[in-house]
Amino acid sequence: MFGDPPSGMSQGPAEPESDPEESQWRFSVDEVGPEAEPDPPEPEPIEPESISFEHAVFVGLGIALTIGIILSGL
């Protein structure tokens, strides 16, 4: 007939063959319900460390350069 597909061609995706004894559900209700995911762990607080001399020098140098650039632009 005119509307029939040629032989050997399917009209849609093929259904995978499955074992009738095997359940089609991938997860049980306990695995996907609101109780499924535990609460995320609390992040550890960030404790401040002591200031090292090297870091303080570079911060001071950055401040001095910024002030110098701003003053030279005025």
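Our structure is the block above this text.
Quantities reported herein were computed from a predicted structural model and do not represent experimental measurements.

Participant: What should I look at first to understand the overall build of the chain in this one?
Facilitator: When you go through the chain residue by residue, the secondary structure sums to two helices and zero strands. Entry remark: accessible area of the chain is about 8,200 Å², with carbon and sulfur atoms responsible for 61%.

Participant: Just to check I follow, could you spell out a nonpolar patch on the surface for this structure?
Facilitator: On the surface, V59, I63, I67, I70, L71 and L74 cluster together into a nonpolar patch covering about 650 Å² of accessible area. Among the secondary structure elements, L74 is positioned in the segment after α2 (53-73). In this structure L74 comes out as exposed when scored by relative accessible area, which is 82%.

Participant: Sorry if this is basic, but what is going on with α2 here?
Facilitator: Spacing of three or four residues puts side chains on the same side of an α-helix, whose turn is 3.6 residues. When the terminal C-alpha atoms of α2 are compared, their 30 Å separation across 21 residues agrees well with the 30 Å that a helix rising 1.5 Å per residue should span. Buried residues are scarce in α2, accounting for zero of its 21 residues.

Participant: What exactly am I supposed to notice about the environment of T66 here?
Facilitator: With respect to the element layout, T66 can be found in helix α2. A polar contact is formed between the side chain of T66 and the backbone oxygen of G62, at a distance of 2.7 Å.

Conventions we followed
- What you see as residue numbers is a count from 1 along each chain, following the sequence as written.
- Confidence filtering applies because this is a predicted model: local features only for residues at pLDDT of at least 70, side-chain atom pairs given and counted only at 80 or more, and all residues used for totals across whole chains, interfaces and linings.
- To obtain the side-chain values, all non-hydrogen atoms of the structure were included, while hydrogens and water were left out.
- Labels follow the DSSP assignment, with helices taken as runs of H or I lasting at least four residues and strands as runs of E lasting at least two, numbered in each case from the N terminus.
- Surface exposure here means Shrake-Rupley accessible area, sampled with a 1.4 Å probe, where a residue is shielded only by the protein chains that are shown.
- Think of a patch as exposed residues, more than 30% relative accessible area, with no salt bridge, where like charges cluster within 9 Å and nonpolar side chains (Val, Leu, Ile, Met, Phe, Trp, Tyr) cluster within 5 Å.
- Salt bridge, as used here, is a side-chain nitrogen of Lys or Arg placed within 4 Å of a carboxyl oxygen of Asp or Glu.
- Three labels apply to residues, based on accessible area from a 1.4 Å probe with only protein chains included: buried if under 20% of the type maximum, exposed if over 50%, partly exposed otherwise in between.
- Here a helix's expected span is defined as the number of its residues, less one, multiplied by 1.5 Å.
- For this analysis, a polar contact is any N or O atom pair within 3.5 Å, provided that within protein one partner can donate a hydrogen and the other can accept it, and provided that sequence-adjacent residues contribute only side-chain to side-chain pairs.

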